[in-house]
Structures are given as structure tokens and as C-alpha cells.
Amino acid sequence: MMSKRFVSVDVARAVCILLVVTGHYEPADCPSWYGVMNRVIYGFHMPLFMFVSGYVYWATRQPARYADFVRKKFNRLMIPYFLVSVLIISIKLITESGRGLHVENPVSRTAFFEMCYLPSAGYFLWFVYALFLIFLTMPFFRPGNRLYLLFVASLVWLLIPVRVTEWFCMAEYKNHLFYFVAGCMAGREEWIRRTAGKIRPAAAMAVCAGIYVLTFELSAHHPEGIARATLRMCTALAGITFILYLSRMVAAKGGVVRRFLIWLSAASYTIYLFHTTFEGFAKAMLSYMKTASNTGFPFLIGAAFVILTGIAGPVVLYQLSVKLKERIKRTGESRRIAKSED
């Protein structure tokens, strides 16, 4: 049975993937309130993903040779990155040339080469690339107090306004390494979890909401530099803490919502990889129906359709992959039994 803190992490991851899918739908004609909501989401949702990834990594790490560890992470992250990139690029090229339809962020055939050093298929894939780079880094900072050294170094690197190349997602690596390491610290240090557990979730969420609003507004009107970077970091940390305490409340109460979020969490990686593809199909359908009828849909109906499609489509893919793996496993076991009987 999962511990309460891992249930909370699963709930947080599910909330985060819902925010990601929502944040990636922002049409040009959306209401102003929706634009504000998306800006709020973008203030912390990817740092939250990195924090959760760091927490899970530290809590579940196993002794392994560096080469084996890298191979495992490459298979988990980079192979899906390349496969999804090829799929998205191919769909965009076929859609533009064969159907003559407009696609968002069009690509050329050179994108098949560019994806090796840039997420040219879709910028959202930077997360996968940067996370792989972070995993390449972490084994060197596990023993002793090295994690503290990386924590301080990543914090300084985050706050100092040094321009870093976009190639190989190095800029995103710079901007998110700190949050991953912060998640590792939360997974490693018992005193952090013990102190957090003594604070009432409602009080913590109220304080975090206040900090978020304050730092969010201040950073929006502050020039680039260390001060603005610090305010953005405070905004992200306030959002992360808010969601973690919210997840703790949901995990403690149980019920249908908790079961749904835990179930959704299992498919979060598949949702992240494929949600923009399904959202693209949904947006194309909305555009076609609007053109055919000369009337538009109320914004909330259209947004709900696109966002739900971006979640449901990948979930179906995930369920199919799980069933396929189970069938392959049963087939292998049946063959082994048959050979042993012979």
C-alpha cells in the first residue's frame, strides 16, 4: 500500500498535468480572464513538475552503474522524445502539404534533423530533453553533502541573469535544475517533511496564495535582473507549495476525486507527450465546424472540448499500451510454461 506522502505526490502530479493541458490551450480570441488564468498557471506548473520528478527520483533511487542508469533514462525519456517528435513533424508536414490546412508552429523537413538539438516538433518537449540532462547530472551529487552543493549552485545559476543557449535545451536546464534539486531535498530531509506536516494545509495555502499574488505582480513590473529572477522563483515556490498542500488535503480525505487523480497520475507522462497532438485535432474540428455552420461555439464549451480531448486521447493510448504489455507478458509466461513442460 502506498504511503500517504506518495499518494500526495501522485495527486500533485495529476493536478500538474491537468494544469499543463489547460495552459497549452490559449486561442487568440480567448477572454481576458482565461489569459490571466493561464499566466498564473505558467508561473509555477513546470517548476512543480520538476519538483515532483526530483522528489520521486530521490525517494525511489536504486544503486546502479552510471552507464546502466543513463541507458534506462534514455529509454524512458529520449526514445519517446524522438518518436513523438517524428510523429508530430510528420503530421504537420502531411497536413500542410496534403490537405493545405493551416497548422500552428509549422515545420520544414529540416525539423527531423533539428529535433536532435532543439524540440522543433513542439516546444513543450523541452521538458523531456531538459529532464534527461538533469538525470545525467544527478548521480554525481548523491553521496554525502554534495546535494547541498548542487542545491546552492543551481540556486545561484537560476538567479544570475546569464544568457544560455537554447540548443540542447540548456536554457530550460538552467531554469529548472533548482526545482528538481529542491524536490530531491524534500525527499531526502526528514525534518523538511516533519516541519511541513505540522502546518495546517488551509493556513499554508492562504499564505502561499498571498505570496504568489504579491510576487507575481511585482515580477511583472520589474526589469530583468536578479531581483526579477528572485521574484519569479518565489512565485514558483509559492505555487508549488500551494499545490502540495492542496494535494495533501485531497489525499487525506480520499473519495472519488483522490481515486481519479491517482489513476490519472499513472498516465501523466503519456498525456504530456501526446496532449498537444490531440488538442490540435480538437482545434481543427472546432475550426471546421465553425466554418461549416458560420457560427462559433461559446468559449467555455470549445475550451472544455479541446482540453478534455487533450486528456482523454492520451489516456486511451496509455490504457491500450498497458493492455498490450500485459498481453505480451502473459504470452511470454505461457511460452515459458510450455517449454518447461516439454
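Here, the structure is the one placed above.
Residues numbered from 1 in each chain as written. Predicted model: local features only at pLDDT ≥ 70, side-chain atom pairs only at ≥ 80, totals over all residues. Heavy atoms only, no water.

An account of helix H12 (residues 255-266) is requested, with residue identities and associated values reported.
With twelve residues, H12 should cover 16 Å at 1.5 Å per step; its first-to-last C-alpha distance of 18 Å lies within 8% of that length. The complete set of buried residues in H12 reads Leu261, Leu264 and Ser265. Seen from one end, H12 has its buried residues packed into an arc of 105°, which puts them on one side. In H12, those exposed residues whose orientation departs by more than 90 degrees from the buried face are Val256 and Arg259. (Helix = DSSP H or I, 4+ residues; strand = E, 2+ residues; numbered from the N terminus. Expected span 1.5 Å × (residues − 1). Buried < 20%, exposed > 50% of the residue type's maximum accessible area, 1.4 Å probe, protein only. Arc of directions from axis to C-beta.)

Residue-level account of the side chain of serine 154, with values.
Its place among the elements puts serine 154 in helix H7 (residues 146-159). On the basis of relative accessible area, serine 154 is assigned to the buried category, the value being 1%. Discounting chain neighbours no more than four positions away, the residues touching serine 154 are Leu177, Phe178 and Val181. (Contact = heavy atoms within 4.5 Å.)

Please provide a residue-by-residue account of the packing of aromatic side chains, values included.
Counted by the stated rule, this structure contains 30 aromatic pairs. Considering the side-chain rings of phenylalanine 260 and tryptophan 263, the 6.0 Å spacing of their centres and the 40° angle between planes classify their relative orientation as tilted. A residue pair is termed a helical-turn pair when its members lie 3 or 4 positions apart in one helix, as phenylalanine 260 and tryptophan 263 do in helix H12 at three residues. Residue tryptophan 263 is classed as partly exposed on the basis of its relative accessible area of 41%. Arginine 61 extends its terminal NZ or CZ atom over the ring of tryptophan 58, reaching a point 4.2 Å from the ring centre. The ring of phenylalanine 135 is capped by lysine 73, whose NZ or CZ atom sits 4.3 Å from the centre of that ring. (Phe/Tyr/Trp six-rings, centres within 6.5 Å; stacked < 30°, edge-to-face > 60°. Lys NZ or Arg CZ within 6 Å of the ring centre and 35° of its normal.)

Shape is all these values report; function is a separate question.
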